[in-house]
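Below, each chain spelled out in residue letters.
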Amino acid sequence: MFKIGDKRLDGSWLDGAQARFEKDNDALVLQTRALLARIVPDAPLHGRFINTLSLLEHMGSHKIMATQHGAAIDQATLKHIAEEGHHAYFMKRQAEKAAQRPLEYRPPDLLAAAAARMYFQRLESSLVRMLAAQLSAHAAYLYMSLIVEFRALWFYRLYQHTLKRLGHAMSLKRVLGEEQSHLGDIAHRLAMGGELSNARVTAFLEVEKRLYERVLVAMQRAAG
Ligand SMILES: [Fe+2]
Ligand SMILES: [Fe+2]
């Protein structure tokens, strides 16, 4: 465990961690790209897919709110809630634009709904179990966010690439910028609290990867 607290050094820890994440997930790039290339040109399917991303963003924002509502809630956490809430809204708007109809967070309007919800629930319960006796609810929130942000950035970059390649008008630039800044902020906050541990991050990312693989398979099946 180390305490740096210098934004530049935290940034270089993060660069290394992101490079390791890329390498560890190399084998999943092709499958993910193939799924995206199958979904994006099919407007009704694409709408359900974006609505599922909206659900995940909404769940993220709601989870932060549900666990961090105390008097000590700080500016960075409020900003994080607001931006995840905005991502949920942005995705909902894009989803309904693609589908040309209103969409609810119900299975017929989602893609692999059960697997998507399970991803979040299982990740959270694994992290809480693995951290339980050691850390505060605040540190658990930071770790959960850190792990999810690694995947979000990786996934949104692939998605952005596919959108561009297929000439789709939707742009994830703002979302990508905000997810990258969340990742930087959260790594910095964990380091400041002396709670950033490579061993923990590695163990959590292993759990997350297995859960992501399940969502991927479920989405491949649902997309047909
Ligand atoms: Fe987000
Ligand atoms: Fe985020």
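Here, every reference points to the structure presented above.
Residues numbered from 1 in each chain as written. Chains lettered and ligands numbered in written order. Predicted model: local features only at pLDDT ≥ 70, side-chain atom pairs only at ≥ 80, totals over all residues.

Brief notes about the overall build of the protein
The cut-off we apply is this: A helix here means a DSSP run of H or I that spans at least four residues, while a strand means a run of E at least two residues long, and both kinds are numbered starting from the N terminus. Restricting the calculation to C-alpha atoms gives the radius of gyration, and the globule rule supplies 2.2 Å times the number of residues raised to the power 0.38. We call a residue exposed when 12 or fewer other C-beta atoms sit within 10 Å of its C-beta, buried when the count reaches 20 or more, and partly exposed for counts in between; the C-beta positions come from the backbone.
Secondary structure assignment for the protein yields 8 helices and 0 strands. In the protein, the order of α-helices and β-strands from amino to carboxyl end is α-α-α-α-α-α-α-α. Relative to its length of 224 residues, the protein is compact, with a C-alpha radius of gyration of 17 Å against a globular reference of 17 Å. For the protein, the residues scored as buried account for 34% of the 224 residues in total.

Side note on the nonpolar core
In a soluble, globular protein the nonpolar side chains are often hidden away together inside. Short version of the rule: The term nonpolar core refers to a group of buried residues, namely Ala, Val, Leu, Ile, Met, Phe, Trp, Tyr and Cys, whose C-beta atoms join them within 7 Å. Note that contacts rest on C-beta atoms placed from the backbone: two residues are in contact if these are within 7 Å.
Ala 116, Tyr 143, Leu 146, Ile 147, Ala 187 and Leu 190 are the most contacted members of the largest nonpolar core, which has 48 residues in total. Take this core: its biggest share by element is 11 residues, from helix H6 (residues 137-165). Setting aside chain neighbours within four positions, we find Tyr 143 in contact with Leu 127, Leu 131, Arg 200 and Phe 204.

Notes on helix H5 (residues 113-131)
Just so we agree on the cut-off: Expected helix span is taken as 1.5 Å per residue step, with the number of steps being one fewer than the number of residues.
When the terminal C-alpha atoms of H5 are compared, their 27 Å separation across 19 residues agrees well with the 27 Å that a helix rising 1.5 Å per residue should span. Taken residue by residue, H5 has Ala 116, Tyr 119, Leu 123 and Leu 127 as its buried positions. Of the surrounding elements, those touching the buried residues of H5 are helix H3 (43-67), H6 and helix H8 (198-223).

A closer look at the packing of H6 against helix H7 (residues 173-192)
Cut-off, in case you're wondering: Interaxial angle, 0 to 180 degrees, is taken between N-to-C directions of lines fitted to C-alpha atoms, where a helix line uses only the stretch in contact. When describing relative orientation, an angle under 35 degrees is termed roughly parallel and one over 145 degrees roughly antiparallel, while 65 to 115 degrees is termed roughly perpendicular and anything else oblique. The crossing is said to be left-handed when, going from far helix to near helix, the turn is anticlockwise and less than a right angle, and right-handed when the turn is clockwise.
Closest axis-to-axis distance for the H6/H7 pair is 9 Å, and the angle between their directions is 155°. By the angle between their directions, the pair H6 and H7 is classed as roughly antiparallel. Seen along the crossing, H6 lies across H7 with a hand that is left-handed. Contacts from Leu 142, Ser 145, Leu 146, Glu 149, Ala 152, Leu 153, Tyr 156, Arg 157 and Gln 160 of H6 reach H7 at Val 175, Leu 176, Glu 179, Gln 180, His 182, Leu 183, Ile 186, Ala 187, Arg 189 and Leu 190.

With respect to unusual backbone geometry
We note that Gln 100 has phi near 60°; this positive angle belongs to a residue other than glycine. Note that Gln 100 resides in the loop between helix H4 (75-99) and H5. The class of Gln 100 is exposed, set by 9 C-beta atoms lying within 10 Å. Although it is not a glycine, Ala 112 sits at a positive phi angle of roughly 50°. If you trace the backbone, Ala 112 turns up in the loop between H4 and H5.

A few points about helix H2 (residues 26-39)
Heads up, the condition is: Starting at the helix axis, one direction is taken to each C-beta atom, and the arc is that of these directions.
Its 14 residues place the ends of H2 21 Å apart at the C-alpha level, agreeing with the 20 Å of an ideal helix rising 1.5 Å per residue. When we look at burial in H2, the residues that qualify are Leu 35, Leu 36 and Ile 39. Mapping the buried residues of H2 onto a view down its axis gives an arc of 95°, with all of them on the same face. Seen from the open side of H2, the exposed residues pointing more than 90 degrees away from its buried face are Asp 26, Ala 27, Val 29, Leu 30 and Ala 37. Looking at the buried positions of H2, the neighbouring elements they touch are H3, H6 and H8.

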